[in-house]
Amino acid sequence: MPRKRSTDEGDELLARLGSLTAQARRRAQLQRTQVELAIALQRGMLPRDLPDAPGVHVAVRYTPANLGLNVGGDWYDAFTMPDGRIGLSIGDVQGHNIEAAAFMGQVRAGLRALASVTGEPGELLARTNDLLLSLGSELFATCTFMRLDPATGVLESARAGHIPFVWATADGKSGVVDDDEGGPPLGIQRGVEFPVSRHRLTTGGVFVLVTDGVVEGPSLNIEDGLDQVVRLAGIAAVAGLEAHALAAAVIKGAESVGHDDDAAVLVVGLDGPSTLA
C-alpha cells in the first residue's frame, strides 16, 4: 500500500508554498517599484515649460512604456537658446531599464548645457557625443537636434542615428525629410561629424519629430509608420489644426505598432503674419 503523507509532511509542504508565494510577491513589488521609479525619473527630466515665441507653436506628447521592466529612455526637449532661437531635440536611449532613463537625463542635460556654448546643431551633437563617451557608459542614444529662428522660419537640423522627421505645408504638400545624411548614434564613436541640413518652416506648416515607438514595431514597419505620420501632418496643415491636436493624433498611432514601448512626439508649427517663401 502507498504510504500516507504524515501531518508533518503536509505542514512542511504548505510552509514551502507559503514561502515561495511570499518571495513572488516581494519580487513583484520590487518590479513595480522599479517601474514607478523609472517613470518618475523620466517624467522629472522632461521639460515642464515650452518656449513661447510669437507665431511659433510647440506641442509634445509622451507615453512611457510600463509593461514589466520595459521602461526606456525616450525624451523630447524644447528651450530658448541664448541668441533667441529655439532649440528642439528628441531622442531614444538604447535599453529599457532605470539605467536607460538615467542616461536619457544625462543626454538631455548635456545638450542643454552645451547649447550655451554652441548652437550649431552639428557641432552641438559632436560635443555631446564626446561628453557621453567621457562618462564611460555602455549605453548609446539616437537623437535629432534642431535650431529654429522664429523671425525667419529657418530651421537647421542634425541627426545622430535617429528617425527622419516629417514636414507638411498649408498648401497640401507633405513628406519625410530624407536629404539629411546624419551621423551615428551618440556615445558610440569618437571624432564623428554630424552634417547639418537647412529647411524653412512656412506659415501654416509643421515639422513632426517622433521616436521609433510611434512608427515601428512587430505590427507596423517604419516606412508605413512614417507614411501614417505624413498623412496626419498633411491633413493638419491643410485644415489649420492646432499643433496640440496633431501631436495627440500622432501619439495615438503608437497603439498600432504591436508592442509596448516608450513613445514621444514633438510638433513645431508657425502661424501669424509672415512673408516666408
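Everything below is about the structure shown above.
Rules used throughout
Residues numbered from 1 in each chain as written. Predicted model: local features only at pLDDT ≥ 70, side-chain atom pairs only at ≥ 80, totals over all residues. Heavy atoms only, no water. Pairing = 2+ DSSP bridges. Helix = DSSP H or I, 4+ residues; strand = E, 2+ residues; numbered from the N terminus. Axes fitted to C-alpha atoms, helices over the stretch in contact; angles between N-to-C directions. Buried < 20%, exposed > 50% of the residue type's maximum accessible area, 1.4 Å probe, protein only. Arc of directions from axis to C-beta. Contact = heavy atoms within 4.5 Å.

## Considering the sheet that holds strand β9 (residues 206-210)
Line of reasoning, step 1. Reading across from one edge, β1-β10-β9-β6-β7 is the order of the 5 strands in this open sheet, with antiparallel pairing throughout. What marks the edges here is a single partner per strand, and that holds for β1 (56-63) and β7 (174-176). Each neighbouring strand pair of the sheet contributes to a mean axis angle of 15°, computed without reference to strand direction.
Line of reasoning, step 2. Taken together, the 8 bridges between β1 and strand β10 (residues 263-270) define a ladder with antiparallel strand orientation. The residue bridging Val60 from the neighbouring strand is Leu266, located in β10.

## Some words on the environment of Leu232
Line of reasoning, step 1. Structurally, the position occupied by Leu232 is in helix α5 (residues 222-239).
Line of reasoning, step 2. Remark: the alpha-carbon pair of Leu232 and Val250, spanning 18 residues in sequence, is separated by 7.1 Å.

## Points about helix α6 (residues 243-252)
Line of reasoning, step 1. Listed in full, the buried residues belonging to α6 are Ala243, Leu246, Ala247, Val250 and Ile251. Here the buried residues of α6 occupy an arc of 130° about the axis, which is enough to place them on one side.
Line of reasoning, step 2. Against the buried residues of α6 lie β1, β9, α4 (212-215), α5 and β10.

Note that all results are geometric; they support no functional claim without further evidence.
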